[in-house]
Amino acid sequence: MKKRISFLLAIVLFVSSSLSIFGAEQYTVKEGDTLAKIAKQFDMTYEELAKLNNISNPHSICIGDMLAVGPVYTTEELNEQLVMATLWVQASAEYRALAYQTFSLAQMLIQKDLEDETVDKPRAIVVDLDETILDNSPYEAWLIGKDFGYSSSTWNPWIQLGVAPAIPGAVDFLKFCEENNVEVFYVSNRKVLDDNSGYEGTVKNLKALGLPNVDETHVLLRTGSSDKTERRTMAEEGHHVVLYMGDNLNDFLHDFAGLSVDERLTKTDEYKKEFGKKFIVMPNPMYGEWEGAIYNFNWKSSAEERNEMRKNTLKTWEREVQ
Ligand SMILES: [Mg+2]
């Protein structure tokens, strides 16, 4: 009897050690399976699945094969990384102060421009919406604890609701523009959507906040390309544009689109004289083109790959912990 128990124990130990080696669930390959198909079910890429199972040829799997499946690092875990950035936006007085400071600078620039009597066209400004005028941190906070990331299927209902609060200082600033006959063009990559609900939700939101120029001429959402150049040009036609505001450098110039992390930094150096003068930047630590650059714009990358790319991008000192 004693021998039998130890034998069973040995089996249990073997099984548990093999599970810990794999560090993931097991899956038995069925007829019609491909590595890509299995990977998709477990929120992995086929490359990750192949790597996890030491498979060099992705076509070599057979029915009945046992595969370790992930994900090893889940989207829910990745979403945990949003906690500090989202808290900084929502709970730090420093973020609030920085928002006030940004609008205060923009207002000073407009006041200065208003003194210029040589301007012979109506004045205007071009502002982005999300994380420039509207605060979507409640959406980001809602993602925390969920096992899925940003997607249009959850983002669209949020914008259709039209309940995003204003960024601190935005309402007073835009009312100042209105009082001084400075037109406001809202150039945003929110999508209009087929049933127009993206546009309607946005307009509802802006109107509820009492913002000026909330009409079809001035609220320019995305109907095609994410490149804002054409919509900026629409605002520039017949207007003297005093400044541009955004949380993403593509809000100012399309030159910033699709660049690597280092290229973005270098390009920013090239344009440094424009910041605080023509280009007014609002901080957004939660998401943006800066994040895409870290992934080389591979938005199909898995949570595990993203976590790895984020950590690999960190600059750290070399000292070893004793
Ligand atoms: Mg934005």
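Just so we're clear, the structure is a prediction, and the values are computed from it rather than from any experiment. (Residues numbered from 1 in each chain as written. Predicted model: local features only at pLDDT ≥ 70, side-chain atom pairs only at ≥ 80, totals over all residues.)

1. Overview of the pairing of strand β2 (residues 66–69)
- The two faces of β2 differ: Leu67 and Val69 on one face are buried, but Met66 and Ala68 on the other face are not.
- Taken together, the four bridges between strand β1 (residues 25–28) and β2 define a ladder with antiparallel strand orientation. Within β2, the residue paired with Gln26 across the bridge is Ala68. (Buried ≥ 20, exposed ≤ 12 C-beta atoms within 10 Å, placed from the backbone. Helix = DSSP H or I, 4+ residues; strand = E, 2+ residues; numbered from the N terminus. Pairing = 2+ DSSP bridges.)

2. Observations concerning the sheet that holds strand β5 (residues 219–222)
- One open sheet holds the five strands; their spatial order is β5-β4-β3-β6-β7, and the pairing between them is parallel. The open sheet terminates on both sides in strands that have one partner only, identified here as β5 and β7 (279–281). Each adjacent strand pair in this sheet contributes to an overall mean axis angle of 20°, direction not counted.
- The pairing of strand β6 (residues 240–246) with β7 spans three bridges and is parallel. Looking at β7, one finds that Met245 is bridged to Ile280.
- Packing against the sheet, helix α6 (residues 93–114) makes contact with β3 (123–127), β6 and β7, and its axis sits at approximately 175° to β6. (Axes fitted to C-alpha atoms, helices over the stretch in contact; angles between N-to-C directions. Contact = placed C-beta atoms within 7 Å.)

3. Here's the deal with the domain arrangement of the protein
- Parsing the protein into structural domains produces domain 1 (2–72) and domain 2 (77–305).
- Placing the centre of domain 1 and that of domain 2 at their C-alpha centroids yields a distance of 45 Å.
- Counting residues at the interface gives seven residues for domain 1 and four residues for domain 2. (Domains from an automatic or database assignment.)

4. Points about the packing of α6 against helix α9 (residues 170–179)
- Where α6 contacts α9, the axes come no closer than 10 Å and their chain directions differ by 10°. On the basis of their axis angle, the class for α6 and α9 is roughly parallel. Facing Phe103, Ala106, Gln107 and Ile110 of α6, the residues of α9 in contact are Ala170, Phe173, Phe176 and Cys177.
- Here the contact of α6 with α9 is built from residues that sort into seven nonpolar, one polar and no charged. (Parallel < 35°, antiparallel > 145°, perpendicular 65-115°, else oblique. Nonpolar A, V, L, I, M, F, W, Y, C, P; charged D, E, K, R; others polar.)

5. Considerations on the pairing of β6
- Burial within β6 is extensive, with five of its seven residues counted as buried.
- In this sheet, β6 lies alongside β3 in parallel orientation, the contact comprising five bridges. Bridge pairing links Ala124 to Val241 in β6.

6. Considering the confidence of the model for the protein
- Here the protein averages 91 in pLDDT, while 92% of its residues score no lower than 70.
- Taken as a whole, residues 1–23 scores under 50 in pLDDT and shows two contacts with residues more than four places along the chain or in a different chain. (pLDDT = per-residue confidence, 0-100.)

7. Some remarks on the packing of helix α8 (residues 152–161) against helix α10 (residues 197–208)
- Contact geometry for α8 and α10: axes closest at 6 Å, N-to-C directions at 45°. The angle between α8 and α10 places the two elements in the oblique class. Residue-level contacts link Asn156, Ile159, Gln160 and Leu161 of α8 to Ser197, Gly198, Gly201 and Thr202 of α10.
- Considering only residue class, the contact of α8 with α10 consists of two nonpolar, six polar and no charged.

8. A short note on the nonpolar core
- By size, the foremost hydrophobic cluster in this structure holds 36 residues, and its most contacted members are Ile125, Val126, Phe185, Tyr186 and Met245.
- If you list the elements that add at least two residues to this core, you get α6, β3, α9, β4 (183–191), β5 and β6.
- With near-sequence residues (within four places) excluded, Val126 lies in contact with Phe185, Val187, Arg232, Ala235, Val241 and Tyr244.
- Counting residues in hydrophobic clusters, the runner-up holds nine residues, among them Ala39, Met44, Ala50 and Val69. (Core = buried A, V, L, I, M, F, W, Y, C linked by C-beta atoms within 7 Å.)

9. Focus: helix α14 (residues 303–313)
- The complete set of buried residues in α14 reads Ala303, Glu304 and Arg306. Projected down its long axis, α14 shows its buried positions confined to an angular sector of 165°, all on one face. Of the residues in α14, the exposed ones pointing more than 90 degrees away from the buried face are Asn312 and Thr313.
- Summarising the contacts, the buried residues of α14 are in contact with α3 (46–52) and α4 (75–80). (Arc of directions from axis to C-beta.)

10. Points about unusual backbone geometry
- The backbone of Asn196 sits at a positive phi, close to 70°, despite the residue not being glycine.
- For Asn196, the location among the structural elements is in the loop between β4 and α10.
- With 11 C-beta atoms packed within 10 Å, Asn196 lands in the exposed category.
- Here the phi dihedral of Asn213 falls at roughly 55°; this positive angle occurs in a residue that is not glycine.
- For Asn213, the position within the fold is in the loop between α10 and β5.

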